[in-house]
Every structure is written in structure tokens, then in C-alpha cells.
Amino acid sequence: MSEQKGALLRQLYMPAVLCTALWGSAAPCIKRGYELFEIAADASFSQLLFAGWRFALAGVLVLVAAKLKGHRILPVRSEWKPILWISLFQSMLQYVCYYIGLSATTGTKGSVLSGTQTFFALIFAHLFLQNDKLNRQKALGCICGFAGVLVLGLGGLNGFNLAGDGLVLLSAASAGAGALVSRIFTPGRDPMLLTGWQLLLGGLLLGGIGAAGGGWLGAVTLPGVLLLGYMIVLSAAAFTIWTALLGKFPVGKVTVFGFLIPVFGAVFSALVLGENIFTLRNLAALMLVSGGIAVANYVREAKSGTEQA
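**Considering the overall build of the protein**
The number of helices and strands found in the protein is 13 helices and zero strands. Overall, the protein shows an N-to-C arrangement of helices and strands of α-α-α-α-α-α-α-α-α-α-α-α-α. Over its C-alpha atoms, taken along the principal directions, the protein stretches across nearly 60 × 50 × 40 Å. A buried classification covers 49% of the 309 residues belonging to the protein. A separation of at least 24 residues holds for 86% of the contacts in the protein among residues at least 6 apart in sequence. A gap of 8 Å separates the mean positions of the 21 positive and 11 negative side-chain charges of the protein.

Structure below.
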């Protein structure tokens, strides 16, 4: 029994926590990147150019990793439609809203609000998929999660602003729609090929819009390049590890770790940006959103002699 627990610790728990830590560090890293590259809060096209570099290069990195693992990396004709649909929601719309919105809010609030993508995914699945309806447990998780968003807005105009928090919330809705589109198009196809190309195309579009609008990186320094390199690697590495986990373990046992993403986001916002996360509103919202994710994804195990996935 102890050997089995040790194997789970090494093969599931530690890699899953690593992925959530990497994703949780994204919001404060983006805001720190704005400082290092001297991108102003109102410079939307420069923000999109910054995003374009990150995701285009992350897509290349995923495709290189896929090639090294022996995967086919050139899409056939039938794969372009799934790639474009997934890229539309998971790279293009999501990150246009996220990168612009994050410039007008804190890293802590951005991390908490982006965690609601889990609940949007559940709601969209309920609306559009016949075999994935909301049950009492999932509904309770969604209620807890959106209650966290409500708590963040209790501070009046200073508690929730549409230009920042509203856009981040809209990006979470787009990510939830992207999860639905992925569930529809990914079965039977190579997820690494789809993700590599959707990141690459999304990054090229974001960067193209940013460049066409006159966006530019105000300063290119070694710390800024190193930070951008870390963000590229975190996107590619977290996806690769997470995909491997989903291929080896039941979905519920993997996705339940998603509750840690807002937690790590808040912690890294405090460490990297010096934000004060220990306010009653921040902590209450964090507990509600993270708890809602855990409740919605929790999978009970059978008590009958054999463990059920």
C-alpha cells in the first residue's frame, strides 16, 4: 500500500502540483514583464505583441517536443478546422482579453478571476453536450466559484472594474469555451499537434495585431528576455506534463489539482509583485474559487475492495 502511495506521489501528485505552480506564476510574470519591457498600462498593442512572442514561441517549443517524441507535426487537411477553432478561443480571444485586462488589475485578482474558467467550462458543457450535465456537486462548485467573483466586487468601483477585472473574467469565459471546443475536436487526434499549432497560430495573430497597431517593446534587457523565456517554457512544459497525466490517470483525479492555480497565483503575486494578498476580500474570494474548483472536480472513490477511477 505504501508503495502504491509512493508511486502516486511521484507520478501524479508532484507533476500535477508542478503544473499548477507554473500556471499560477503566469499572471505575476506577465505584469512583471510589462515593467521590464516598459509596456504602459494603456499600451494595448504592445501588450498583444508581448503575448504574441510568448505563445508563438511556446507553440514552436511544443511542436519540437512532439517531434522529439516521434509525433507527426504537420497537420493534415482535416486537422486545420479543429486547430483554428481551438486557437480562436484558447489563444486569440482569451489572451487578447487577458493581457489587456491584467494591465488594469492586480496579479492576485487576475489569478483568482482566471480560475473561474473551470466553472465556465462546466456550464458550457451542460449547455452543449448531452452526456455532461451539471449535477448537484458541480452546481455547488460553480456557485462557490462565482460567489468568489462577487466577493471581489464588494468593494464598489474600486473592487471590480470592467476594463481590468471584467476583461480577465471574459478571458476566463473564452477559456471555458475553448475547453468545450477541445473536448469536441481532440478525441482521435494528437493533442500535442493540435496545441502546438493553435499556440503558434494564436501567437502569430496576437503579435501581428500588436505590430500592425504600432506596438513595441520599450526596452529589451537580459532580465526581460530571461523572463519571457521562462514564460515560453512554462506554457510548453505545463501543457506537456498535464497532457501526459490526463493520458495516464482519470480526468477527475488530475483536474482536481486545478484549485491550486489561484492559490499559487496569489502567492507568486505577493512574492514577485509585492502585493498584499492578506485582505479579507482577497482571502475569501480565493477560498471560494479554489474550493469551488475542488468541489466541482472531486471524484469519490469506490469503497468496495477495488479502487474506481
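**Quick word on the environment of Ser 235**
Within the element layout of this structure, Ser 235 appears in helix 10 (residues 222–248). Here Ser 235 is in contact with Arg 54, Phe 55 and Ala 58, once residues within four sequence places are set aside. Within the structure, the side chain of Ser 235 is placed 2.9 Å from the side chain of Arg 54, a separation counted as a polar contact.

**A word on the side chain of Asp 190**
Checked against the element boundaries, Asp 190 lands in the loop between helix 8 (162–185) and helix 9 (191–212). Although Asp 190 is buried, it forms no salt bridge, and the closest oppositely charged side chain is Arg 72 at an N-O distance of 6.5 Å. In this structure the side chain of Asp 190 is engaged in a polar contact, spanning 2.6 Å, whose partner is the side chain of His 71. At 3.0 Å, the side chain of Asp 190 forms a polar contact with the backbone nitrogen of Met 192.

**A closer look at the packing of helix 6 (residues 117–128) against helix 13 (residues 280–297)**
In helix packing, the relevant descriptors are the interaxial angle and the interaxial distance, both defined with respect to the helix axes. Across the interface, helix 6 lies against helix 13 with an axial gap of 9 Å and an inter-helix angle of 40 degrees. In terms of orientation, helix 6 lies oblique with respect to helix 13. Across the interface between the two elements, Thr 118, Phe 119 and Leu 122 of helix 6 pack against Val 289, Gly 292, Ile 293, Ala 296 and Asn 297 of helix 13. For the contact of helix 6 with helix 13, the residue count by class is five nonpolar, three polar and no charged.

**Things to note about the pattern of salt bridges**
Within this structure, the stated rule accounts for five salt bridges. Across the pair Glu 35 and Arg 32 runs a salt bridge whose closest N-O atoms are separated by 2.5 Å. Highlighted residues: Glu 35 and Arg 32, both in helix 2 (residues 26–36), separated by three residues, approximately one helical turn. Given the relative accessible area of 48%, Glu 35 is considered partly exposed. Since its relative accessible area comes to 32%, Arg 32 is described here as partly exposed. Overlapping salt bridges, with partners in common, bring together Asp 132, Lys 138 and Arg 183 in one network.

**Section: the side chain of Gln 198**
Structurally, Gln 198 is set in helix 9. Of the polar contacts made by the side chain of Gln 198, one reaches the side chain of Ser 91; its length is 2.6 Å. Setting aside residues up to four positions removed in sequence, Gln 198 forms contacts with Ile 83, Ile 86, Ser 87, Gln 90 and Ser 91.

**Brief notes about the packing of helix 5 (residues 107–114) against helix 13**
Orientation of helix 5 relative to helix 13, taken along the N-to-C sense of each, is 25 degrees, at an axis distance of 9 Å. Classified by the angle between their axes, helix 5 and helix 13 sit roughly parallel to one another. Between helix 5 and helix 13 lies a crossing whose hand is left-handed. Between helix 5 and helix 13, the contacting residues are Thr 108, Lys 109 and Val 112 on the first element and Asn 282, Ala 285, Leu 286 and Val 289 on the second. Each residue belonging to the contact of helix 5 with helix 13 can be placed in one class, and the counts come to four nonpolar, two polar and one charged.

**Observations regarding a nonpolar patch on the surface**
A grouping of Leu 9, Tyr 13 and Met 14 is seen on the molecular surface, where their side chains present a nonpolar patch of about 290 Å² in accessible area. Relative to the assigned elements, Met 14 resides in helix 1 (residues 2–24).

**A word on the nonpolar core**
Residues Ile 30, Phe 50, Phe 55, Tyr 98, Tyr 99 and Met 231 are the most contacted members of the largest nonpolar core, which totals 52 residues. If you look at the next biggest cluster of nonpolar residues, it comprises twelve residues, including Ala 56, Ile 86, Phe 89 and Ala 177.

**Section: the packing of aromatic side chains**
Any aromatic ring pair is given by two values, namely how distant the centres are and how the planes are angled relative to each other. Scanning the model with the defined rule gives 17 aromatic pairs in all. Measuring from ring centre to ring centre gives 6.4 Å for Tyr 98 and Tyr 99, while their planes differ by 70 degrees; the resulting arrangement is edge-to-face. Residue Tyr 98 shares its accessibility class with Tyr 99, and that shared class is buried. Members of the aromatic cluster, each reached through a chain of ring pairs, are Tyr 34, Phe 37, Phe 50, Phe 55, Tyr 95, Tyr 98 and Tyr 99.

**Section: the confidence of the model for the protein**
Looking at the protein as a whole, its pLDDT mean stands at 87, while 92% of the residues score no less than 70. Ranking the helices and strands of the protein by mean pLDDT puts helix 3 (residues 44–68) first, with 95, and helix 11 (residues 251–255) last, with 72.

What counts and how
Residues numbered from 1 in each chain as written. Predicted model: local features only at pLDDT ≥ 70, side-chain atom pairs only at ≥ 80, totals over all residues. Heavy atoms only, no water. Helix = DSSP H or I, 4+ residues; strand = E, 2+ residues; numbered from the N terminus. Buried < 20%, exposed > 50% of the residue type's maximum accessible area, 1.4 Å probe, protein only. Contact = heavy atoms within 4.5 Å. Lys, Arg positive; Asp, Glu negative; His and termini not counted. Charge placed at Lys NZ, Arg CZ, Asp CG, Glu CD. Polar contact = N/O pair within 3.5 Å; in protein donor to acceptor, adjacent residues only side chain to side chain. Salt bridge = Lys/Arg side-chain N within 4 Å of Asp/Glu carboxyl O. Axes fitted to C-alpha atoms, helices over the stretch in contact; angles between N-to-C directions. Parallel < 35°, antiparallel > 145°, perpendicular 65-115°, else oblique. Nonpolar A, V, L, I, M, F, W, Y, C, P; charged D, E, K, R; others polar. Left-handed = near helix turned anticlockwise from the far one by under 90°. Patch = residues over 30% accessible without salt bridge, like charges linked within 9 Å, V, L, I, M, F, W, Y side chains within 5 Å. Areas by Shrake-Rupley, 256 points an atom, 1.4 Å probe, with all protein chains shown as cover. Core = buried A, V, L, I, M, F, W, Y, C linked by side-chain atoms within 4.5 Å. Phe/Tyr/Trp six-rings, centres within 6.5 Å; stacked < 30°, edge-to-face > 60°. pLDDT = per-residue confidence, 0-100.

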